[in-house]
Amino acid sequence: TGFGTAPLAAYMIGVNIMSLSFMPGWGFSVAASALVGQSLGANEDSAAAKQGWECTRLAVWTMSVIGVILFVAARPTALIYVKEDGVVAHTVNFVRILAICQPGMALHFALTGALVGAADTRWPLYGSLVGMFLIRLPLALLASKVLGLGVIWIWLIILADHYGKALILIWRYASGKWKLVKV
């Protein structure tokens, strides 16, 4: 809110627009959770691993395609919500940044679902904590308070947050250690 009402309005509008891509990601997360959990319950560890990766692959493709469409259509889509030039410009920037973030978000969403389905709930929590408290907040404070950078830099930090979470979850899922979690 320290950057003014136009960036704040753009943030809210941008999140609303990008929810078109978030919803499929959450759907793949739920699917991964159910499929991995069912396969592990049936003692089919190999199937569980494949299903988690397949849900992740589908999430990345789906959210990336929607991200590309919204990246290209950022301005006309923003104009559906608002006509004020400053807010439109900020909204276009924010939507495009979140569009670039879609593969990372898809990885984060789907792998979180796969790990939750395996009852390995700690690692999604660790990813979120690292993303928020070691990436997003410190970098945002550094960018805005120390370096005096503009709101666009704060929004770019969202990329680091989601890709950081994605890397943690990829590492955990690829390790296969989630198959050993006992409920």
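Further up the page is the structure itself.
Presented here is an overview of the structure given in this document. Everything quoted here is computed from the prediction, not taken from an experiment. (Residues numbered from 1 in each chain as written. Predicted model: local features only at pLDDT ≥ 70, side-chain atom pairs only at ≥ 80, totals over all residues. Heavy atoms only, no water.)

## A word on the packing of aromatic side chains
In step 1: Evaluated as defined, the whole model comprises seven aromatic pairs.
In step 2: Centroid distance Y11 to F94: 5.0 Å. Interplanar angle 45°. Geometry classified as tilted. Of the two residues, Y11 sits in helix α1 (residues 5–41) while F94 sits in helix α4 (residues 85–117), which places them 83 residues apart along the sequence.
In step 3: Accessibility expressed as a relative area gives 31% for Y11, which makes it partly exposed.
In step 4: Looking at F94, the relative accessible area reads 1%, which means it is buried.
In step 5: A ring pair is formed by W26 and F109, whose centres lie 4.4 Å apart and whose planes are at 20°; its orientation type is stacked. Note that W26 is positioned in helix α1 and F109 in helix α4, a separation of 83 residues in sequence. (Phe/Tyr/Trp six-rings, centres within 6.5 Å; stacked < 30°, edge-to-face > 60°. Helix = DSSP H or I, 4+ residues; strand = E, 2+ residues; numbered from the N terminus. Buried < 20%, exposed > 50% of the residue type's maximum accessible area, 1.4 Å probe, protein only.)

## Some points on unusual backbone geometry
In step 1: Residue N43 is not a glycine yet carries a positive backbone phi of 60°.
In step 2: Phi is positive for A119, which is not a glycine, with a value near 65°.
In step 3: Within the element layout of this structure, A119 appears in the loop between α4 and α5 (122–146).
In step 4: A relative accessible area of 28% means that A119 is categorised as partly exposed.

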